[in-house]
Amino acid sequence: MRRHAWTDRSPGSRADASDVEGERSRGRGNRVESVKQDLRYAARSLMKSPGFTLVAVLTLALGMGANTAIFSLVHGVLLKPLPFDHPEELVWVAERGQSGGANWVTWPNFRDWRAGSRSFQGLTAYQGATTTVLGGEAPAYTSVAVVSQDFWRVFSVSPAEGRLTVEGDHGVGQPPVAVVGEAFAREALGGPAALGRTIEVFGTGYLVVGIVAAGFQFPDATQVWVPLEIEPQGESRTAHNWHVVGRLHSGFQAQDAFLELDPLTRRLVATATGERGSEYLATGVFVTPLQEELVGDTRRPLLLLMGASVFVLLVACTNLASTLLARGTARAREMAVRSALGAGRGRILAQFLSEAWVLSLLGGGAGLALGLLLLEGVRTAGAESIPRLETVGVDGPVLLFTLSLVLLTTLGFGLLPALLTTEDSQARTLRRGGRGNDGYRGRWWGILVATEVALALCLLTGSGLLIRSFSAVVSEDGGFDSEDVVVTPVALSGIRYPEPWDHERFWEEMLARVGAIPGVSAAGVITSLPVSGFVPNGLVELDGDPSLHGNGVYVVASAGAFEALDVPLLQGRLFDERDAPDAPHAVVVSRSFADTYWPGEDPIGHQVSGGGMDPLWSADPPVFGTVVGVVADVRYQTLTQAGRPTVYWSFRQRPFRIGNGASLLVESGSGDPALVAGGVRAAVVEADPDIAVRLTYLRDLVSDSVAERRFLLMVMTGFAAMALLLAALGIYGVVSYAVARRTREMGIRLALGATTGEVRVLVLRGAMVPVVLGLGGGVFGALALSRLLSGLLYEVGPHDPVTFLGTAALLLATAWVAIWIPSRRGTGVDPMVTMRVE
């Protein structure tokens, strides 16, 4: 029996393995219990200091909330896949112009790509516009897309009701059919009853054959899709009118399609050398992922904001690190006693990290709530400037990101104070009465303060550069006055107004009706609004000679449009009754057009053709207009792009260009457009109840044109303000603690005859040293980081000395106040009292 018992306990036996497993289990249980004890102790310790805990949680909430909100944007806009089947297969295809930029695609090139390419499952061309759609309960002003065959195949869309357009619908002379969105069908056409109804778009009646689910709205919130090929398309390889999207075969990349289409395009355009305007022929292609194209210029600002939010979190962590370091020094005697009673360094380190972990959890929860609030603000402020904003929200990846922030910040602000506190000698700390190694920590306080200042200066400088840039943009003279103008787009029914001259007569009556409204000082019609982002432009011919080429923006307008916009007349006259439909054609040109093509000459009397943007260009002989006036340049694209050479044609002589895409401009003589808006609405409805009236103020459209800059400015300024506040609080806390620790020293100095001012200067001088060092480091950091802003600035250099000096002065003044307040309070105590403190 004994032999068997001894054998059962031999190494490798089941009983021995059971004992080892038991020891391991008890070890794990002890570690879990230790963690629980540390967390309970940390919670009790933090509850004893509610002021410190509240400030710490709020500090972390600011940093984590900013990062949560911005990461939600980055994830939703840049990282989340497009809401299409296999979105990685979708690419954007554009032509490369002779200047190296991207152009829309010509119809012959698209057609030949589709026939000759082997990289794509399908290619589709489309163009979108916002216009009036009739046939529902009321006129609807909505987005309409004209799409080519294979559109639905490329986007892999199935109908919710009815059917989609098929190959047989995409042919010249085929019966017009349309597909509508679920929202449009429900709100305008009675839901499923929309099938079989006829709607009027662009003057043509379309039979609704299908409804797609509300989730599909490509492109640009489109609600109505109609076939492109029912109208014949031109054969010009210089008429860039179409967007193109393709779906690659599985396993193909954008680079594969580029290597195929680029040489193919060069071969195709080589056959068109005799075409007029050969300088507009393509030299190759661009093929980019569709998501990258849709995000566009938003990527850089969002990544910049992500970096700025990380800076805010770093400032918050540095702030708390300095505060916890001070707190650890105050608790040095407690830690020394615990060490003397047998607690190891690891146990004490775990205690400090437990406190940091609890603070991080609380800060993370508060930061998540703050991030939701900030995200709602971002939705409002960025609605006009951020694509895919509807996809942004707090989902699983965002929550995982916030949890990761909790873990990182625990180490970020908790590890250094914990290590420094546990480095103090137990005996030395007890002999010094619990003060710990103040000199050693003082050096670390200085480093932390300098770091806070440097980070804050980087954010302040970036914000300052954006403020100066935005100020330069909004103060830019766009060549027009937007403050007192009411705008409404007007799209006329092609069935009610079948002939171009019907459009001309409508606008004659419309302008007369609106001009009679009390308070209206001017009214006009124009085909392109200032700072609208896009205007038609292209080849024009000069002085009756087809060999003399120029380039101009093409705008159709009335004299009242110039008057409503307060565009100055520099020479000659505007359009008037002499420019009747059957009179010789007249044009007004911009100053840059006259200076470019007739430098040093009187432009009045010279001639210009409408070019490829005008069907009269193809007349035999081509129709030229005589220059009768010169006006100031107007910035039609953006406020930051100088006015381009522009040719204006009279609406009376170009009525075919005002049927589907013209805007009514009405100027209020009182300066307040709201006073005439009601009258304008009534006049439009009275003139034609089938016009969907969408009144806006031109000043709001101008404001929307700088929405992206304004959004970036607002967020960056908010982050800079957070960083400045956190830096000020961090400096204040460190100095307050230092003053409290030096109470006895200051009492001795005062008792020995030093004045209050001298002691205060001593404190200020010592505390300002790390601030100045931080400013120096921050300047170098700002110089490097400001280069990232260079592409976002206007009329301001990335190393603008005014901005750098101004932000440094602001931060220096803030730091001085944060130091002066505790130094004044610390030197205001009676010397005899301070000497008896210890």
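Here, every reference points to the structure presented above.
Described in the following lines is the structure provided in the data block. (Residues numbered from 1 in each chain as written. Predicted model: local features only at pLDDT ≥ 70, side-chain atom pairs only at ≥ 80, totals over all residues. Heavy atoms only, no water.)

## A word on the environment of Pro-81
- Its place among the elements puts Pro-81 in the loop between helix H3 (50–79) and strand E1 (90–96).
- Measuring from C-alpha to C-alpha, the distance between Pro-81 and Gln-291 comes to 7.7 Å, with 210 residues separating the pair along the chain.
- In contact with Pro-81, other than residues within four places in its own chain, are Pro-87, Gln-291 and Arg-388. (Helix = DSSP H or I, 4+ residues; strand = E, 2+ residues; numbered from the N terminus. Contact = heavy atoms within 4.5 Å.)

## So, the packing of aromatic side chains
- Within this structure, the stated rule accounts for 25 aromatic pairs.
- Here a set of aromatic residues connected by ring pairs shows up, and it is made of Phe-84, Tyr-126, Phe-151, Trp-152, Phe-155, Phe-216, Phe-218 and Trp-225.
- Cation over ring: Arg-96 sits above Phe-286, and NZ or CZ is 5.9 Å from the ring centre.
- Across from the ring centre of Trp-649, 3.9 Å away, lies the NZ or CZ of Arg-654, which sits over that ring. (Phe/Tyr/Trp six-rings, centres within 6.5 Å; stacked < 30°, edge-to-face > 60°. Lys NZ or Arg CZ within 6 Å of the ring centre and 35° of its normal.)

## Side note on the nonpolar core
- Counting 119 residues, the largest nonpolar core has Leu-73, Phe-413, Ile-526, Phe-562, Tyr-648, Leu-665 and Ile-731 as its most contacted members.
- Per-element tally for this core: the top contributor is helix H20 (residues 707–741), with 17 residues.
- Excluding its chain neighbours within four sequence positions, the residues that come into contact with Phe-413 are Leu-60, Cys-317, Leu-320, Ala-321, Leu-324, Ala-356, Leu-359 and Ser-360.
- Of all hydrophobic cores here, the second largest spans 40 residues; its members include Ala-594, Val-608, Val-676 and Ile-691. (Core = buried A, V, L, I, M, F, W, Y, C linked by side-chain atoms within 4.5 Å. Buried < 20%, exposed > 50% of the residue type's maximum accessible area, 1.4 Å probe, protein only.)

## Let's talk about the side chain of Ser-119
- Here Ser-119 shows up in the loop between helix H4 (107–116) and strand E3 (120–133).
- On the accessibility criterion, Ser-119 (4% relative accessible area) is buried.
- For Ser-119, the contacting residues outside a window of four places in its chain are Leu-248, His-249, Phe-252, Asp-256, Ala-257 and Glu-260.

## Describing empty space enclosed by the protein
- This model, assessed by the stated rule, comprises four cavities of 30 Å³ or more.
- Along the walls of the largest cavity sit Thr-131, Thr-132, Leu-134, Glu-200, Val-201, Phe-202, Gly-203, Ala-491, Leu-492, Ser-493, Gly-494 and Asn-660, which together make up its complete lining.
- Where the lining of the largest cavity is concerned, the elements lending two or more residues are E3 and strand E7 (198–201).
- Among the residues forming the lining of the largest cavity, the class breakdown is five nonpolar, six polar and one charged.
- Estimated volume of the second largest cavity: approximately 50 Å³.
- Lining the second largest cavity are Val-553, Val-634, Arg-635, Tyr-636, Gln-637, Gln-641, Ala-642, Gly-643, Arg-644 and Thr-646.
- Considered class by class, the residues forming the lining of the second largest cavity number four nonpolar, four polar and two charged. (1 Å grid on protein atoms, 1.4 Å probe; cavity = no way out; pocket = protein on both sides within 12 Å on 5 of 7 lines; lining within 4 Å. Points joined across faces, edges and corners; volume = space filled by probe spheres on them. Nonpolar A, V, L, I, M, F, W, Y, C, P; charged D, E, K, R; others polar.)

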